[in-house]
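# Chains, contacts and geometry: an overview
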Amino acid sequence: KLKGVVFFDDCTNAWSFRIHTGRIWLLDDSPVREKDAFVYFDESRCRGADMKLAGDAAAALSLGPGMCKDKLMQAALRMRQLDRGQSLNLMLPPEVVTRVKPFAEISLSSSKSDNANNLTPKNVLEWVLQNTVLATTSGLPEWASQGSYFCTTKRNPKLRLLDEKLALSNLYQAPCTDDAVQHVVIRTQNWF
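These lines cover the structure that appears in this document, whether it is placed above or below. (Residues numbered from 1 in each chain as written. Predicted model: local features only at pLDDT ≥ 70, side-chain atom pairs only at ≥ 80, totals over all residues. Heavy atoms only, no water.)

Our focus in this paragraph is the overall build of the chain. For the chain, the helix and strand inventory stands at five helices and six strands. Secondary structure elements of the chain occur, N-terminal to C-terminal, as β-β-β-β-β-α-β-α-α-α-α. Burial analysis of the chain (192 residues in total) assigns 27% to the buried set. By sequence separation, contacts in the chain at least 24 residues apart represent 55% of the contacts at least 6 residues apart. For the chain, the accessible surface area stands at approximately 13800 Å², while carbon and sulfur atoms represent 56% of it. (Helix = DSSP H or I, 4+ residues; strand = E, 2+ residues; numbered from the N terminus. Buried < 20%, exposed > 50% of the residue type's maximum accessible area, 1.4 Å probe, protein only. Contact = heavy atoms within 4.5 Å. Areas by Shrake-Rupley, 256 points an atom, 1.4 Å probe, with all protein chains shown as cover.)

Below, the structure is given as structure tokens:
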């Protein structure tokens, strides 16, 4: 039986422990260790938090609409003993289920099964990897621009100071187009 909840308290900026009566201690001062409690990690606490969880602990990992591989892995690996007794349950809200279902249907077309309602962890991971690829490719033009700026200003430090362009026409007049990354890089090199 769990003896309370461990959570990150934004008021004290520290991990804390709360029992059912409402009493709260800093985790370091608590009479109960995290392995005997329900431990809540929010998204920003998944990176770098190392709690000593019970060997048979079960995690419930909720996935949002744009979940990418790095965030999924950071959250899942809070369970340090997944291969030795700890378990992980993926929790998908209806909007995510809708987005993952096409991956199950692809799997079904290449297998003998006919139940599209049963999503598998593989389907979820395929969807997460697709999100990661889409997020990475959508960032390429910005990374190309930043890389070009860095290379140009490294050779000529006087170019580091840019004029402020705060007029709406300067910020939003460029049309949206599809283009190869190579062409975007060449164009951004000409900006500096």
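Here we come to a nonpolar patch on the surface. On the surface, a nonpolar cluster with roughly 380 Å² of combined accessible area is contributed by L2, V5, F38 and Y40. Within the fold, L2 resides in the segment before β1 (5-9). (Patch = residues over 30% accessible without salt bridge, like charges linked within 9 Å, V, L, I, M, F, W, Y side chains within 5 Å. Salt bridge = Lys/Arg side-chain N within 4 Å of Asp/Glu carboxyl O.)

Bringing the pairing of strand β2 (residues 14-18) into the picture now. Bridge count between β1 and β2: five bridges; the pairing is antiparallel. Bridge pairing links V5 to R18 in β2. The hairpin formed by β1 and β2 contains four residues between the paired strands, and N13 there has a positive phi angle of roughly 55 degrees. Between β2 and strand β3 (residues 24-26), which pair antiparallel and follow one another directly, the connecting turn spans five residues, one of which, G22, has a positive phi of 105 degrees. (Pairing = 2+ DSSP bridges.)

Before going further, it helps to spend a moment on helix α3 (residues 121-155). In this model, α3 (35 residues) spans 49 Å end to end at C-alpha, consistent with the 51 Å of a helix rising 1.5 Å per residue. L140 marks the point of greatest bend in α3, at about 40 degrees, and the proline P141 comes within the next four residues. (Expected span 1.5 Å × (residues − 1). Bend = angle between axes of the 7 residues up to and from the residue.)

It is worth spelling out the side chain of N131 at this point. As for its placement among the helices and strands, N131 is situated in helix α3. What N131 contacts, discounting residues up to four positions off in sequence, is P65, G66, M67 and C68.

Evaluation of the coordinates by the stated rule reveals three aromatic pairs. Ring centres of F8 and W15 lie 5.6 Å apart, and the angle between their planes is 85 degrees; on these two criteria the pair is classed as edge-to-face. The exposure classification of F8 matches that of W15, with both residues buried. Site record: aromatic cluster; members linked through ring pairs are F8, W15 and F41. (Phe/Tyr/Trp six-rings, centres within 6.5 Å; stacked < 30°, edge-to-face > 60°.)

Taken together, four strands build an open sheet; the order of strands is β3-β2-β1-β4 and the sheet is mixed. With one partner strand each, in any of the chains shown, β3 and β4 (38-39) form the two edges of the open sheet. By the bridge criterion, two bridges tie β1 to β4 in an arrangement that is parallel. When the bridges of β4 are listed, V5 appears paired with F38.

Turning to the pattern of salt bridges, a few remarks are in order. Applying the stated rule across the entire model yields five salt bridges. Note that E43 and K71 form a salt bridge whose closest N and O atoms lie 2.5 Å from each other. On the criterion of sequence distance, the pair formed by E43 in the loop between β4 and β5 (58-62) and K71 in helix α1 (residues 69-76) is long-range, its members being 28 residues apart. A residue is classified by how much of its surface remains accessible, and E43, at 56% relative accessible area, is exposed. Among the salt bridges present, the one from E126 reaches K122, with a minimum N-O distance of 3.8 Å. Pair noted here: E126 and K122 are both in helix α3, with a separation of four residues, about one helical turn.

Now for the layout of surface pockets. For the second largest pocket, the calculated volume is near 780 Å³. When contributions to the lining of the second largest pocket are tallied by element, the ones reaching two or more residues are β4, β5 and α1. Partitioned by chemical class, the residues of the lining of the second largest pocket number 19 nonpolar, three polar and nine charged. (1 Å grid on protein atoms, 1.4 Å probe; cavity = no way out; pocket = protein on both sides within 12 Å on 5 of 7 lines; lining within 4 Å. Points joined across faces, edges and corners; volume = space filled by probe spheres on them. Nonpolar A, V, L, I, M, F, W, Y, C, P; charged D, E, K, R; others polar.)

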